[in-house]
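Commentary on secondary and tertiary structure
Chain residues, written in single-letter form:
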Amino acid sequence: MKYDRIDSNLYIANRKKFTERMTANTLAVFNSNDIFPISADSTMPFQQHRDILYLCGVDQEESILVLFPNASNPAHREVLFLKETSDLIAVWEGEKLTKETAFLTSGIKTVYWLQQFPTIFKQLMAEAHGMYLNTNEHLRANTEVETREDRFIKQVKQDYPAHQVHKSAPIMHKIRSIKEAVELELMQRACKITEAGVRRLLAFIKPGVWEYEIEAELAHEFLRNRSKGFAYTPIVASGKNACVLHYIENNQQCQDGDVILLDVGAEYANYSSDLTRCLPVNGRFTARQKAVYNAVLHVKNEAQKLLVPGTIMAEYHKQVGSLMEEQLVGLGLISMEDIKTQNPDWPAYKKYFMHGTSHFLGLDTHDVGIWHEPISAGMVFTCEPGIYIPEEGLGIRLEDDLVVQASGAPFNLMGDIPIEAEAIEDLMNA
Ligand code: GLY
Ligand code: MN
Ligand code: MN
C-alpha cells in the first residue's frame, strides 16, 4: 500500500456498527474482489471491495471476513481468512499480510489461512440459523461480471439451503454513509492531494497544451503524494468536449478562447475526492463564459446551503432545479414560455443541466447511502451543478465535496481550492 497504516480502531468501530444491527444467531460473510484479468497473464491493478475494506482494512485479494457475534467459541466471533503467505510468494509478489500484520491492520485476533475456510465455515454454519450475504444494491450498479462475492453467494445458497438469508447491503449503505472523524481526515487528505494537482495546473495550462498533458500533470502530483492515482476516470474536456458528460478521451489540443472542464479527483487510502473546476485556456474568461460560470457558481453556492440535517434529497434536487431554471432564463437559454409548457417529467432546465446535483462520496466515488431517508451529520455529498451549451462550445460544471454538519453550513473539504472566476484568472496570470 502507498498509504500510511490506518488505526485499527476505525475497523473495530465499523464492525461494531454492523454486528449490532444483525439478527441473533446469524453470521455475515464478506469477500475480497477478484484480480480482474486483461488477457494472457496481464491483470488489472487490484481494487479491494469497499465493504470488506470498511469492516477490517484488509486491502488484499482472496480474503474473507466472517462476523458471527453469537459464536459459542469467542475466538470465532470475528475471523479473517487470508491467502497463505510464504517465502516463495514473498519473492514473486512481495509482502502479503501475515497473521500478525493482519491483526495490526484489522484488530481481528483470529486469522486463518484460506485453505481452512471450508472446515471452519462448516462448523460456524452448523451453529448459525441465518447468514448475511453481501449483494450489490447500488442504484446505479450495472455490471455483467460475476464477482468473487457473487460466486460465493451462489455456492453458499446451494450448500446451505435451510439457512435464512439476510441482506448486508442496507446495513452497509447506512453505516458507510456516516463518516467517522478518521475517515473525514482521509477524505480531506485526498482533497488536499487534488488541490495540489489543480494548483500545479494553474501555471501549466495555456493555448496549445493537450488534454492528456494536463492529465499527466495531475497523475504526477497525485502519485508523489501517496495516492494510487485518480479516484475515477478523469475528465479533461476542453471547449465543446465539456458538453459530453462522460468524456474521457482526453486527447484534444486546448484552443485559445476555450474553457477547459476538469472533473478530476485523487484517491487516498481508497477514499475518493471528486472535484470539478473550469479554467479558461488563455487565462481569461470572455464575458459570456463568465456569465455562464457565475450562474453555475450561484446555483452551487445556494444548493450547498441546503445540505443540512433533515434534508430529503429528492426535494433538494427539485429545489436545485428551480435555482437552475432562474439562471437559465437569465442567460437567455430558456424562456418563461418554455417553463410554462414544459413536460413535468423532463423540465425545461434539463436541456442544459441533465444530471443530478449531488451524490454520496466516500470509499466509492458514487458512494453507498440511503437515498430516501433524511440526510444527517457526518454524511459527505458532492455538489455539482452544471450548464452545457453545445451550440456555444461551452460546458461549465463546478463541484466540491461537503460534509453535513450537526448545525450550520456544511464543511467544504475542497474549500481551499479557488472557485471564484476572478481568483482563477488572477492565479493563472500571476
Ligand atoms: N466524477 C464523477 C462525478 O462527478 O460524479
Ligand atoms: Mn461527482
Ligand atoms: Mn466529479
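Refer to the preceding data block for the structure.
Residues numbered from 1 in each chain as written. Chains lettered and ligands numbered in written order. Predicted model: local features only at pLDDT ≥ 70, side-chain atom pairs only at ≥ 80, totals over all residues. Heavy atoms only, no water.

Comments concerning the coordination of the manganese ion (ligand 2)
At the metal site, the manganese ion (ligand 2) is ligated by Asp 274 (OD), His 359 (NE2), Glu 384 (OE) and Glu 399 (OE), and these contacts range over 2.0 to 2.1 Å. Classification of the site at the manganese ion (ligand 2) as irregular follows from its six donor atoms and the range of 51 to 155° in their angles at the metal. For the manganese ion (ligand 2), all donor residues lie on one chain, and their spacing in sequence is D-x84-H-x24-E-x14-E. A separation of 3.3 Å is found between the manganese ion (ligand 2) and the manganese ion (ligand 3), which share Asp 274 as a coordinating residue. Here Glu 384 lies in the loop between β12 (380–383) and β13 (386–389) and Asp 274 lies in the loop between β10 (271–272) and β11 (276–280), a separation of 110 residues in the sequence. One exposure class covers both Asp 274 and Glu 384, and it is buried. (Donors = N, O, S within 2.8 Å, 3.2 Å for Na, K, Ca; no water. Tetrahedral: all angles 85-135°; square planar, octahedral: opposite > 155°, others 65-115°. Helix = DSSP H or I, 4+ residues; strand = E, 2+ residues; numbered from the N terminus. Buried < 20%, exposed > 50% of the residue type's maximum accessible area, 1.4 Å probe, protein only.)

Describing the sheet that holds strand β3 (residues 78–82)
Taken in spatial order, the six strands make up an open sheet running β4-β3-β2-β1-β5-β6, and their pairing is mixed. Two strands in the sheet have a free side with no partner beyond their single neighbour: β4 (110–113) and β6 (164–167). When strand polarity is set aside, the average angle formed by the axes of neighbouring strands in this sheet is 25°. Seen against the sheet, helix α4 (residues 99–106) touches β3 and β4 and runs at an angle of roughly 135° to β4. Helix-sheet contacts for helix α5 (residues 117–127) involve β1 (26–31), β2 (64–67), β3, β4 and β5 (130–133), and the interaxial angle to β1 is about 155°. (Pairing = 2+ DSSP bridges. Axes fitted to C-alpha atoms, helices over the stretch in contact; angles between N-to-C directions. Contact = heavy atoms within 4.5 Å.)

Details of the site of ligand 1
Close to ligand 1 lie Tyr 232, Asp 263, Asp 274, His 359, His 366, Glu 384 and Glu 399, which account for all nearby residues. Here an oxygen atom of ligand 1 sits 2.7 Å away from a polar atom, N or O, in the side chain of His 366. Expressed as a share of its isolated accessible area of 190 Å², the protein-covered part of ligand 1 is 83%. By residue class, the composition of the shell around ligand 1 is one nonpolar, two polar and four charged. (Near = heavy atom within 4 Å. Polar contact = N/O pair within 3.5 Å; in protein donor to acceptor, adjacent residues only side chain to side chain. Areas by Shrake-Rupley, 256 points an atom, 1.4 Å probe, with all protein chains shown as cover. Nonpolar A, V, L, I, M, F, W, Y, C, P; charged D, E, K, R; others polar.)

Details of the coordination of the manganese ion (ligand 3)
Around the manganese ion (ligand 3), the protein supplies Asp 263 (OD), Asp 263 (OD), Asp 274 (OD) and Glu 399 (OE) as donor atoms, at distances of 2.0 to 2.6 Å. Coordination geometry of the manganese ion (ligand 3): the six donor atoms subtend angles of 55 to 169° at the metal centre, consistent with an arrangement described as irregular. Between consecutive donor residues of the manganese ion (ligand 3), the sequence gaps follow D-x10-D-x124-E.

A closer look at the pairing of β12
Residues Val 380 and Thr 382 line one face of β12 and the alternating positions Phe 381 and Cys 383 line the opposite face, and both faces are buried. Summarising the sheet, β12 and strand β15 (residues 400–403) pair through four bridges and their orientation is antiparallel. Paired with Phe 381 across the bridge in β15 is Leu 402.

Observations regarding the pairing of β1
Burial analysis of β1 places six of its six residues in the buried class, the great majority of the element. Where burial is concerned, the two faces of β1 agree: the one with Thr 26, Ala 28 and Phe 30 and the one with Leu 27, Val 29 and Asn 31 are both buried. Bridge count between β1 and β5: three bridges; the pairing is parallel. Within β5, the residue paired with Thr 26 across the bridge is Gly 130. Pairing of β1 with β2, which is carried by four bridges, proceeds in the antiparallel orientation. Among the inter-strand pairings, Ala 28 is bridged to a residue of β2, identified as Leu 67.

Section: helix α11 (residues 313–330)
Side chains three or four residues apart in an α-helix point the same way, a direct result of the helix having 3.6 residues per turn. Here α11 contains 18 residues, and its C-alpha end-to-end distance of 26 Å stays within 8% of the 26 Å for a straight helix at 1.5 Å per residue. Residues of α11 that are buried include every one of Met 313, Tyr 316, Val 320, Gly 321, Leu 323, Met 324, Glu 325, Gln 327 and Leu 328, and no others. Residues of α11 that are buried in the fold lie against α10 (287–304), α12 (336–340), β12 and β13. (Expected span 1.5 Å × (residues − 1).)

Topic: the nonpolar core
By size, the foremost hydrophobic cluster in this structure holds 108 residues, and its most contacted members are Phe 18, Ile 214, Tyr 293 and Ile 387. Looking at this core element by element, the count peaks at eight residues for helix α8 (residues 181–202). Core analysis: the next-biggest nonpolar cluster, separate from the first, contains 22 residues, Ile 64, Phe 121, Met 131 and Val 156 among them. (Core = buried A, V, L, I, M, F, W, Y, C linked by side-chain atoms within 4.5 Å.)

Regarding the sheet that holds β11
Sheet architecture is open: three strands sit in the order β7-β8-β11, paired in antiparallel fashion. A strand with exactly one partner marks an edge of an open sheet, and here the two such strands are β7 (235–238) and β11. Strand after strand, the sheet turns through a mean of 15° between neighbouring axes, direction not considered. Relative to strand β8 (residues 259–263), β7 runs antiparallel, the two sharing four bridges. Across the sheet, the residue bridging to Ala 237 is Leu 261, located in β8.

Re unusual backbone geometry
A positive phi angle is found at Glu 62, which is not glycine, with a value near 55°. Residue class for Glu 62 comes out partly exposed when judged on its relative accessible area of 28%. Phi is positive for Arg 226, close to 75°, though the residue is something other than glycine. Positionally, Arg 226 belongs in the loop between α9 (211–223) and β7. Since its relative accessible area comes to 40%, Arg 226 is described here as partly exposed.

A short note on the pattern of salt bridges
Where charged atoms from two side chains of opposite charge come close, those side chains can pair. Scanning the entire structure with this criterion turns up 33 salt bridges. One salt bridge connects Arg 176 with Asp 367, and the closest N-O pair in it is separated by 2.7 Å. In this pair, Arg 176 is assigned in helix α7 (residues 169–177) and Asp 367 in the loop between α12 and β12, connecting sequence segments 191 residues apart. Accessibility classification places Arg 176 together with Asp 367 in one group, the buried group. The salt bridge partner of Lys 192 is Glu 195, with a shortest N-O separation of 2.8 Å. Residue Lys 192 and its partner Glu 195 are both found in helix α8; the two are separated by three residues, about one turn of the helix. We classify Glu 195 as buried; its relative accessible area is 9%. Several salt bridges converge on common partners, so that one network encompasses Asp 51, Arg 176, Lys 179, Asp 364 and Asp 367. (Salt bridge = Lys/Arg side-chain N within 4 Å of Asp/Glu carboxyl O.)

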